[in-house]
Structure formats: C-alpha cells, structure tokens
Amino acid sequence: MEKQFLIVGQGIAGSLLAYNMYKAGLNFTIISSPHKSKASDVAAGMFNPLVFKRLTKSWMVDEVLPVMMETYGDIENELGQKFLFPMDIIKPLADHELKMWKERIEQGQFSDYIVEIGKNSVGKGIKGFDFYGRVTNSGYVHLEKMLNSLRDFFLKEGLLIESEFKYKDLGFIDGEITWHGISAETIVFCEGHHASENPYFKGIGFNPTKGELLEIECEGLAEDYILNKNLFVMPLGNHRFKVGATYDWKNLDVELTLEARKDLLSRLEGLIELPYKVLNHWAGIRPTVIDRRPILGTHPLHKQVAILNGLGTKGVMLAPYFAREMVRVLSVNGYPLAKDVDIRRFL
C-alpha cells in the first residue's frame, strides 16, 4: 500500500509541499481552513537576495534561488499562468553605504546580485540622492493569484478538502493518523502562525510578527524596478504599488492600525515627492521563529506528526527549496536534514 499524507494548511508552505508531492507522485490530501488568516494572503511576495542592513547575502541564497526560479517556472507551465515577476531593486545609497557597496563589488562574490553602482538617473519623483545600487535576481511572486490557482487545481484533482481543522478530530490507530475517515501515515502541519497553538509543538520557539502594508496609486513613479530605502515600493502595473512593511511583535492580530499607516506614509514621503492615493491597507502575521530559520522534520516523539513552518519574511524564496527537502524527509528513510532547520533543535 502506498503512503498517504495529510497536509494541514494551504499557504505557501502547504501549497508548495503539496505541489512537490504531486510532481513526485505521492498520495496526499490537503485540509484547508478557509476562514483562518494566512500571511500569504496579504504578503508582498517580494524576494531580495541581499540583506541591506549589513549588505550580506541572504541566508542560503545561492542554494535556494535556483530552486525558487525552477519551481515557480514549473508551476506557471503547469497552470498556464504567470506568477513570477523578476525585477531589479534600486537602493538609494547614503555616503557610508556607498563605501560598503563598493567593497562588496570588489570582493567579487556578489557579482550575481549587485549589477552596478550608478549616479542618480533612475527616474523622476524620487527625493535627492547622489548614488544608488542596483540589485538583480530579485522581484516578486503574485502570491494571492498563485495560491488561488493552486487551490483550484488541487480541488479539481480531488486533493483538497476545505474544512475547519480541529486537533481533537485527529485519531491514532495502528500506527496511522485518522481524520474524518481519512487514514494517513503522516500528517504534516503547514499552519503558518497558527502553529503556535498546536499541542504537538509547544516547545518550539515561535515568534510571530505582525506586518502591515499599503497599496498606492502614483502616476509618474517609475514602474520598471522596486525602490527600497527604509521601506519597499513595488510596482504592480497601472501606476499601482505595494508599500511596506511594518514589524510588530506585540499586537498579534490582523487589525489595521492608523499608527502603521502613518509610519509607512511618513517613510514613503521621505523617499518620493509625487502625489499619490492610498488604495488598500492589509495586515497579516508572519510565521517567524526566534532563530530566524525554518522548521522541518518529523516530531521525535510522535512519528506520525511532521511540520514545515517558520519560513518568515523570506518565505517566497525559501519555500520551494524547503518544500522539496520536506518531501525527501518524508519519503527517504534517514534523510540527513540540516541541523539548523531540523525540528529537533527545539524538542
């Protein structure tokens, strides 16, 4: 009898795990609670190969970026739609930053990501700066569109059940998990920030973060790159831009706040000098972890219970790679999972 898996959650982690299982020919059923909030629903979907604060490479970027490009391209081909939008990032540079950027270029190991340091000639409407850095292998994924399209795909294939998931409905019979008449060898929790309420993972260092972002309309602002200085301004087409984001570790709800709106607009007005109109305001909770690393693997005490979570602010870039890793963990006995992402570092 072939293995059967249950996947709880259809955010970016659950969706990409399911897609990798589908491509690998594994049997699975997704359980998606339609009324639970998902960070993926409101996330900007942006990917950036660098960490600007210290101007270092993003963690594991050389490994995860090729898998990301391949996976999203494959999903586009499978579904016949476009979700991946490569786009350079323009980073206005202060004097102290300029020296650091020049040093990184001289080091050579950033040649795949830093295209140039140029003088201010990137378009009107941006407040005065002398130099900028241009980053490539960056851009965004239209997450809402992709996840909705994958939802429709999995529904059509009979692989997704939309139902409120409750932990008390799980049963353990003869070494298998049961849920509402479905039996599986392993259940994989991909619940995003809701995992902090999961009774099987009480010892994990979840540290969820609330984030808010805006959508604006601004005619005249360049739409062929992402602008990033103290916040990001990401073009969506038709003079529309996503602007974000905030970080709040205390108020873990999805309520929109005037404070966040004022904060974002204050930073935006420090960067551009064109009239704009606010069209939308969103809030979500990121599934972040205290050590800022994903959480993968099978529970050391409950062998039928597994997790893929903690993708955090870099989820768009990390999810394809670690969804693939999770499939290997579940299907290859003794697969050597990296210690810094293994669930056993907490339990």
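What you see is a predicted model, and the numbers here were worked out from it, not measured in a lab.

### Topic: the pattern of salt bridges
For step 1, the next point in the chain: According to the stated counting rule, one finds 19 salt bridges in the structure shown.
For step 2, the next point in the chain: Across the pair R324 and E70 runs a salt bridge, and its minimum N-O distance is 3.7 Å. Of this pair, R324 sits in helix α7 (residues 315-331) while E70 sits in helix α3 (residues 61-79), and the two are 254 residues apart along the sequence.
For step 3, the next point in the chain: A residue is classified by how much of its surface remains accessible, and R324, at 23% relative accessible area, is partly exposed.
For step 4, the next point in the chain: By relative accessible area, E70 is classed as partly exposed at 49%.
For step 5, the next point in the chain: Between K277 and E217 there is a salt bridge, and its shortest N-O distance comes to 3.8 Å.

### As for the sheet that holds strand β15 (residues 186-189)
For step 1, the next point in the chain: Spatially, six strands are ordered β11-β2-β1-β15-β22-β21 in an open sheet, and the strand pairing comes out mixed. What marks the edges here is a single partner per strand, and that holds for β11 (160-162) and β21 (295-298). Each strand of the sheet is rotated relative to its neighbour by a mean of 20°, with strand direction disregarded.
For step 2, the next point in the chain: Strand direction decides the pairing type here: strand β1 (residues 4-8) and β15, joined by four bridges, are parallel. The residue bridging I7 from the neighbouring strand is V188, located in β15.
For step 3, the next point in the chain: Here helix α1 (residues 12-24) sits on the sheet and contacts β1, β2 (27-32), β15 and β22 (305-309); the angle it forms with β1, its principal contact strand, is near 160°.
For step 4, the next point in the chain: Each of β2 and β11 touches helix α5 (residues 143-156); the most contacted strand, β11, lies at about 105° to it.

### Observations regarding the environment of T209
For step 1, the next point in the chain: With respect to the helices and strands, the residue T209 is situated in strand β16 (residues 209-217).
For step 2, the next point in the chain: On a C-alpha basis, the gap between T209 and I177 in space is 31 Å, while along the polypeptide they are 32 residues apart.
For step 3, the next point in the chain: Each residue touching T209, except ones within four places of it in the same chain, is listed here: Y247, D248, W249, L252, G284, I285, R286 and T288.
For step 4, the next point in the chain: At 3.1 Å, the side chain of T209 forms a polar contact with the side chain of W249.

### Details of the side chain of K91
For step 1, the next point in the chain: You can see K91 is positioned in strand β7 (residues 89-93).
For step 2, the next point in the chain: Every residue in contact with K91, bar those within four places of it in the chain, is listed here: F52, E97, W101, F131, Y132, G133 and N228.

### Description of the sheet that holds strand β6 (residues 84-86)
For step 1, the next point in the chain: The strand order β3-β10-β6 describes an open sheet built from three strands, whose pairing is antiparallel. The sheet terminates laterally at β3 (46-47) and β6, the two strands that pair on one side only.
For step 2, the next point in the chain: Pairing analysis gives two bridges linking β3 to strand β10 (residues 139-141), with the strands arranged antiparallel. Across the sheet, F47 pairs through a bridge with G139, a residue of β10.

Quick notes on the rules
- Residues numbered from 1 in each chain as written.
- Predicted model: local features only at pLDDT ≥ 70, side-chain atom pairs only at ≥ 80, totals over all residues.
- Heavy atoms only, no water.
- Salt bridge = Lys/Arg side-chain N within 4 Å of Asp/Glu carboxyl O.
- Helix = DSSP H or I, 4+ residues; strand = E, 2+ residues; numbered from the N terminus.
- Buried < 20%, exposed > 50% of the residue type's maximum accessible area, 1.4 Å probe, protein only.
- Pairing = 2+ DSSP bridges.
- Axes fitted to C-alpha atoms, helices over the stretch in contact; angles between N-to-C directions.
- Contact = heavy atoms within 4.5 Å.
- Polar contact = N/O pair within 3.5 Å; in protein donor to acceptor, adjacent residues only side chain to side chain.

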